[in-house]
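Survey of secondary and tertiary structure
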Number of protein chains: 2
Amino acid sequence: MDSMTIMVRKQTAADQALRLDNQICFAVYSTAHAFNRVYKPLLDRLGLTYPQYLVMLALWERDDVPVKDLGERLFLDSGTLTPLLKRLEAAELIKRTRSTQDERVVLIALTQQGHALREKAKAVPQSILAASDCTVGELLAMKDEIVALRDRLNAVLGE
Amino acid sequence: MDSMTIMVRKQTAADQALRLDNQICFAVYSTAHAFNRVYKPLLDRLGLTYPQYLVMLALWERDDVPVKDLGERLFLDSGTLTPLLKRLEAAELIKRTRSTQDERVVLIALTQQGHALREKAKAVPQSILAASDCTVGELLAMKDEIVALRDRLNAVLGE
DNA sequence: TCACATTTAATTGTTCGCAATTGAATTCGC
DNA sequence: GCGAATTCAATTGCGAACAATTAAATGTGA
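Each chain has its residues counted from 1, following the order in which its sequence is written. Chain letters and ligand numbers both follow the written order, the letters beginning at A and the numbers at 1. Local features in this predicted model are restricted to residues of pLDDT 70 or higher, and side-chain atom pairs are both shown and tallied only at a pLDDT of 80 or more, whereas totals for entire chains, interfaces and linings draw on every residue. Computation of side-chain values covers all heavy atoms of the structure but excludes hydrogens and water.

**Some words on the overall build of chain A**
Numbering of helices and strands starts at the N terminus; helices are DSSP runs of H or I of at least 4 residues and strands are runs of E of at least 2. Broken down by element type, chain A carries eight helices and three strands. Taken from N to C terminus, the helices and strands of chain A fall in the order α-α-α-β-α-α-β-β-α-α-α. Using C-alpha atoms as the atom set, the radius of gyration is obtained and then compared with a globule rule of 2.2 Å times the number of residues to the power 0.38. Relative to the 2.2 N^0.38 estimate, which gives 15 Å for 159 residues, the radius of gyration of chain A is 21 Å and therefore markedly larger than a compact globule would have. With respect to the three principal axes, the spread of C-alpha positions in chain A is 75 × 40 × 25 Å. For chain A, the residues scored as buried account for 42% of the 159 residues in total. Two residues qualify as a contact provided that any one of their heavy atoms is within 4.5 Å of a heavy atom in the partner residue. Residue pairs in contact within chain A that sit at least 24 positions apart in sequence constitute 49% of those at least 6 positions apart. Between buried and exposed lies partly exposed: a residue is buried under 20% and exposed over 50% of the maximum accessible area for its type, with that area taken using a 1.4 Å probe on protein chains only.

Below, the structure written as structure tokens:
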């Protein structure tokens, strides 16, 4: 009777854990898509997709960097970045050049248009803030928690 | 001089908002990918991708449902679900049948194998919990915050 | 020096994710 | 009832995302 009770409780816990509503990963997954959909109309005006916008954000902070550096900052590999960067180059926002020091390395630099786009992009975060209906403080606090979770997950992967 | 100061402050705020590290959306985006990578080896054993796993989670809760219902629960459209469901059908985890009441509707039902897979899946959430290095309470609290953010973003989209 | 390992991008193939369109079935307005 | 609008899934086309492989350049050890 006691062991029976324990079994029932165990099964219930496992069952609960499998519920969609209880899964933080689904919360994160579906929120990422929701962000993407909110960004879409804003980024359409800049001629960027969301991943392209992330690359531009990274380059506005520091440019003339190898593809690998970008990948480490954005947690993306060359299989994703190479075609994306070719599209940004076709849009004349960046230039891709082989390093003379090390011919394996492709350096990514902003063009004048790439730099200029930054001014238009400044309006974007404001719109997102409004859509989120949160204070800056709340968002920053949540961001820190989520980043901490991400870093713990990535730490497990690195083992 | 005063207006100068204000302008400088304004620019600084906009610049800060464009910084990658300050963007909650990037935190969510990169955490979703981190989850995906942690799930991968676990789901490989079940023969599922992460989005397929989400569909199975939804179906284990309630099956014999139209594609549209699944889409609403997972925030996905038929362009994503139709090919994914065809792959699950090819794997003999689900069956797709036209409703006799309304021939437009395709009903998704689990096969015996689909139901059976649930037992193997019960080990998954435990492994994720371990990888996250958080307590259940912490994760559930974060989940609620993230879901609240997602729902506010989706509310803006619905306008 | 020369074989061998490592590093770096690029490529290939599969699977999402979504906008836009299509086509069939159903419902609504008159 | 009947034509028009709506609903639903499927399709098409494009852009990620990543595993696995390839190829070239660089580094390392005997």
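**Brief notes about the sheet that holds strand 3 (residues 106-110) of chain B**
The pairing of strands in a sheet comes from backbone hydrogen bonds and takes either a parallel or an antiparallel form. Residues and elements named next belong to chain B. Overall, antiparallel pairing links the three strands, which are arranged 1-3-2 in an open sheet. Only two strands of the sheet have a single neighbouring strand rather than two, namely strand 1 (65-66) and strand 2 (94-98). By this definition, two strands are paired if DSSP reports at least two bridges between them. Relative to strand 3, strand 1 is paired through two bridges, and the arrangement is antiparallel. Looking at the pairing, P66 lines up with L107 of strand 3. Every axis corresponds to a line fitted to the C-alpha atoms, with the helix fit spanning only the stretch in contact, and the corresponding angles, defined between N-to-C directions, vary from 0 to 180 degrees. Together, strand 2 and strand 3 form the strand contacts of helix 5 (residues 78-90), whose direction differs from that of strand 2 by roughly 120°.

**A short note on the protein's contact with DNA strand D**
Surrounding DNA strand D, one finds 29 residues, the nearest of these being A:T49, A:Q52, B:Y29, B:R37 and B:K86. Between DNA strand D and B:K68, the relevant distance is 2.9 Å, taken from a phosphate oxygen to a main-chain nitrogen or oxygen of the residue. Here a polar contact is recorded for every N or O atom pair within 3.5 Å, except that within protein the pair must consist of a potential hydrogen donor and a potential acceptor, and residues adjacent in sequence are included only if both atoms are side-chain atoms. A distance of 2.6 Å separates a phosphate oxygen of DNA strand D from a polar atom in the side chain of B:K86. At the level of secondary structure, the elements contributing two or more residues to the surface near DNA strand D comprise helix 3 (50-61) and helix 5 (78-90) of chain A together with helix 2 (24-44), helix 4 (67-74), helix 5 and strand 2 of chain B. One heavy atom within 4 Å of a molecule or strand makes the whole residue count as near it.

**Digging into the packing of aromatic side chains**
Any Phe, Tyr or Trp ring, taking Trp's six-membered ring, that has another such ring centre within 6.5 Å forms a pair; planes under 30 degrees apart are called stacked, those over 60 apart edge-to-face, and the others tilted. Summed over all chains, the structure comprises 14 aromatic pairs over all chains. Summarising the aromatic geometry, the rings of A:Y29 and B:Y50 are spaced 5.5 Å apart at their centres and angled 75° between planes, so their arrangement reads as edge-to-face. Pair noted here: A:Y29 is in helix 2 (residues 24-44) and B:Y50 is in helix 3 (residues 50-61), and the two residues belong to different chains. Classification of A:Y29 by relative accessible area gives buried; the value is 13%. Plain terms: the ring middles of A:F75 and B:F26 are 6.3 Å apart, the flat faces sit at 25° to each other, and that makes the pair stacked. Taken as a pair, A:F75 in the loop between helix 4 (67-74) and helix 5 and B:F26 in helix 2 lie in two separate chains rather than in one. Three or more aromatic residues joined by ring pairs form one cluster here, namely A:F26, A:Y29, B:F35, B:Y39, B:Y50, B:Y53 and B:F75.

**A few points about the relation of the copies chain A and chain B**
For the pair chain A and chain B, the relating rotation is 180°, the translation along its axis is 0.0 Å, and the fit reaches an RMSD of 0.1 Å. The transformation relating the two chain copies, once decomposed into turn and shift, fits a two-fold axis. Nearest to the rotation axis, the C-alpha of A:V28 is located 3.1 Å from it, this being the minimum over chain A. Same-surface contact between copies: 100% of interface residues of chain A are shared with the interface of chain B. When the copies are superposed, the least-squares fit draws on C-alpha atoms of residues that have pLDDT of at least 70 in both.

**What to know about unusual backbone geometry**
If you check the backbone angles, A:D64 has positive phi at about 60° while not being a glycine. Along the polypeptide, A:D64 turns up in the loop between helix 3 and strand 1 (65-66). Phi at B:F75 takes a positive value of approximately 60°, unusual for a residue other than glycine. Residue B:F75 is classed as partly exposed on the basis of its relative accessible area, which comes to 25%.

**Here's the deal with the protein's contact with DNA strand C**
In the vicinity of DNA strand C lie 29 residues, with A:Y29, A:R37, A:K86, B:T49 and B:R87 positioned nearest. Put simply, 78% of the atoms of DNA strand C that lie within 4 Å of the protein are in sugar or phosphate. Within the side chain of A:R37, an N or O atom sits 2.5 Å from a phosphate oxygen of DNA strand C. One of the backbone N or O atoms of A:K68 is found 3.0 Å from a phosphate oxygen in DNA strand C. Broken down by secondary-structure element, the contributors of at least two residues to the surface near DNA strand C are helix 2, helix 4, helix 5 and strand 2 (94-98) of chain A together with helix 3 and helix 5 of chain B.

**Quick word on the state of the cysteines**
When the sulfur atoms of two cysteines come within 2.5 Å, that pair is taken as a disulfide. Applying the stated criterion to the full structure yields zero disulfides over all chains. Free cysteine: A:C134, not disulfide-bonded; nearest cysteine sulfur from B:C25 at 13 Å. Classification of A:C134 by relative accessible area gives buried; the value is 13%. What makes B:C25 buried here is its relative accessible area of 2%.

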